[in-house]
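Structure assessment
What follows is the residue order along each chain.
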Amino acid sequence: MRDVELLMPAGNLEKLEYAVKYGADAVYLGVVDFSLRALRKGSLITMENIKEAVDLAHLLGAKAYVTINIFAFNSDIKLLEASLERFKDANPDAFIISDYGILNLIKRNIPDVPLHISTQTNTLNYESVKFWRDLGASRVILARELPISDIAEIRRQVPDIELECFVHGAQCVSFSGRCLLSDYFSKGERKANHGNCTQPCRWSYKLVEETRPGEYLEINQDDRGSHILSPKDLCLVKQLPQLIEAGVDSLKVEGRTKSLYYVSAVAKAYRQAIDEVLKNPSADLDKYFIELQKVGNRGYTQGFALGDNNGESYSYNISKGLAGADFLCEFKACCMESGLAENYFPVKIKNKMLVGDDVEIITPDEQFCAKVESIKNEDGDDLLLGNTNDDVYVKFSKQPKDPQYALVRTIGVKNVH
């Protein structure tokens, strides 16, 4: 089978680095004001550091695609015109766009950078793909609503363009994410298409009959709750052989607002799964599906990929993603400098971790179980536990060969939806 790209989200510079280290061939990153994910914490990717982000990806051996995929008003076009030189200087490997005006601006002013057509354009058929190809696009990101059989037909009809599709992550109740619910509920202050969606589809709703104020009725009549608009998360790891055979060039994971642990663990699972499929198309991929249950999810579905999307694709009883494993800590350095005994590693605690806990340690190259043997503070005092956000030193019964980028989580899978 031919090679295929693993494309991971890069919500900030740190996540970009971890995504590549854990197996991404390329990353996509959004700049505040011009993409559909407006992050509010961490080392945000802005016009000031976009070049740094692209350069970092290139230094790590990966490609970097910059999303400018809002549907633009006149004010957005003017802001983009004022930012063109910085985008040009950043020199990404492609721009991801959806708006015709933005396409014209980029083609006219930065003609040497390839254009990728965003999933926001709802591209569902081969004639649409031909249209974008004839406008100069080098890749089309297909709508999530396509079954794999249709993707294969698009590839047969249009062999001279790259095809990208989503394989993992949150899905939108609206067609390819083009939704106005957030705009309405926030009176225009939280626009979904400008990266600030409140996700009202995840809220729990009840009915009120106007002559009976205060009497709230459940919308649905069973015991599954009322999150009737909240789709389960997409997971196509078991369908990788069919997707690759269908002619997909790039396999994309959603999640620029997700955690560093999420990005790392998902990249690791898909990297290993893709590599195994390329060697053996009939490989058993169940173990990778289990790995993906260890990250936050609302339950998994194959969505439209198999052509049978139905009511089972909705998460009726939860709206927030629940992880099958708790992210306990991340290693902060490969050695310590406080004078403590050998094999104590500085870590940032993410969820409470106790001495004696059995844990799983993952790195870009390793995955194994160990026991927490000792926890100390910076003064060398013994602690019974590390609390969330503490910086402590931990000794494990087994250490990673290379602790840089190592992450620690609980063993096994819980919260299976």
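Some words on unusual backbone geometry
One can expect most non-glycine residues to show negative phi and most peptide bonds to be in trans. Despite not being glycine, Asn91 shows a phi value in the positive range, around 55 degrees. Assignment of secondary structure puts Asn91 in the loop between helix 3 (74-90) and strand 4 (94-97). The partly exposed category is assigned to Asn91, whose relative accessible area is 46%. Phi is positive for Asn122, close to 60 degrees, though the residue is something other than glycine. Within the fold, Asn122 resides in the loop between strand 5 (115-117) and helix 5 (126-134).

Describing the pairing of strand 1 (residues 5-9)
Strand 1 sits mainly inside the fold: 5 of its 5 residues count as buried. Side chains of strand 1 alternate between two faces, with Glu5, Leu7 and Pro9 and Leu6 and Met8 buried alike. Pairing of strand 1 with strand 2 (residues 26-30), which is carried by 3 bridges, proceeds in the parallel orientation. Of the residues in strand 2, the one forming a bridge with Met8 is Val27.

Quick word on the packing of helix 2 (residues 50-59) against helix 3
Contact geometry for helix 2 and helix 3: axes closest at 8 Å, N-to-C directions at 15 degrees. If you check the angle between helix 2 and helix 3, you find them roughly parallel. The crossing of helix 2 and helix 3 is right-handed. Between helix 2 and helix 3, the residues in contact are Ile50, Lys51 and Val54 and Arg86, Phe87, Asp89 and Ala90, respectively. For the contact of helix 2 with helix 3, the per-class residue count stands at 4 nonpolar, no polar and 3 charged.

Quick notes on the rules
- Residues numbered from 1 in each chain as written.
- Predicted model: local features only at pLDDT ≥ 70, side-chain atom pairs only at ≥ 80, totals over all residues.
- Heavy atoms only, no water.
- Helix = DSSP H or I, 4+ residues; strand = E, 2+ residues; numbered from the N terminus.
- Buried < 20%, exposed > 50% of the residue type's maximum accessible area, 1.4 Å probe, protein only.
- Pairing = 2+ DSSP bridges.
- Axes fitted to C-alpha atoms, helices over the stretch in contact; angles between N-to-C directions.
- Parallel < 35°, antiparallel > 145°, perpendicular 65-115°, else oblique.
- Left-handed = near helix turned anticlockwise from the far one by under 90°.
- Contact = heavy atoms within 4.5 Å.
- Nonpolar A, V, L, I, M, F, W, Y, C, P; charged D, E, K, R; others polar.

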